[in-house]
Amino acid sequence: MDIVLRHATALIDAVGSVPLSALQANAPAALAKRVKPLRLLLLGTAGTGKTYTVQTTLQELRRLLAARGVAASFVKVAAPTGPAAFNLRFNATTIHRLI
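Residues numbered from 1 in each chain as written. Predicted model: local features only at pLDDT ≥ 70, side-chain atom pairs only at ≥ 80, totals over all residues. Heavy atoms only, no water.

### Description of helix H4 (residues 50-67)
Along an α-helix, a turn takes 3.6 residues, which lines up residues three or four apart on a common side.
Now for step 1: With 18 residues, H4 extends 26 Å from end C-alpha to end C-alpha; this agrees with the ideal 26 Å at 1.5 Å per step.
Now for step 2: Those residues of H4 not exposed but buried are Thr53, Thr57, Leu58, Leu61 and Leu65. Angular distribution of buried residues about the axis of H4 spans 125°; they occupy a single face of the element. In H4, the exposed residues that point more than 90 degrees away from the buried face are Gln59, Ala66 and Ala67.
Now for step 3: Of the residues trailing H4, Gly69 is marked for its positive phi of about 80°. (Helix = DSSP H or I, 4+ residues; strand = E, 2+ residues; numbered from the N terminus. Expected span 1.5 Å × (residues − 1). Buried < 20%, exposed > 50% of the residue type's maximum accessible area, 1.4 Å probe, protein only. Arc of directions from axis to C-beta.)

Below you can see the structure in the form of structure tokens.
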């Protein structure tokens, strides 16, 4: 469990580097376009806690964004397959549908 918390903390720290002014709902479109998307690839063998790590990270990320007045739809979640997206929850979809 400790390793899951360390990974989740590292992901939240990475998200924390995004300037808050660009995340505001009333931010100018030009500023919002300058924020580069944070794309993550989490690898591991079966049973290592990949899904749990992503779910924990998303839960914390949404809490942090809600505290700053940013809509939950700001974060998009995708997985390689439909069953994987279903297991993630958080309105996840397949990568192909997202792009």
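### Describing the packing of aromatic side chains
Now for step 1: For the structure on display, the rule yields zero aromatic pairs.
Now for step 2: Its guanidinium or amino end placed over the ring of Phe86, Arg89 lies 5.8 Å from that ring's centre, counting from NZ or CZ. (Phe/Tyr/Trp six-rings, centres within 6.5 Å; stacked < 30°, edge-to-face > 60°. Lys NZ or Arg CZ within 6 Å of the ring centre and 35° of its normal.)

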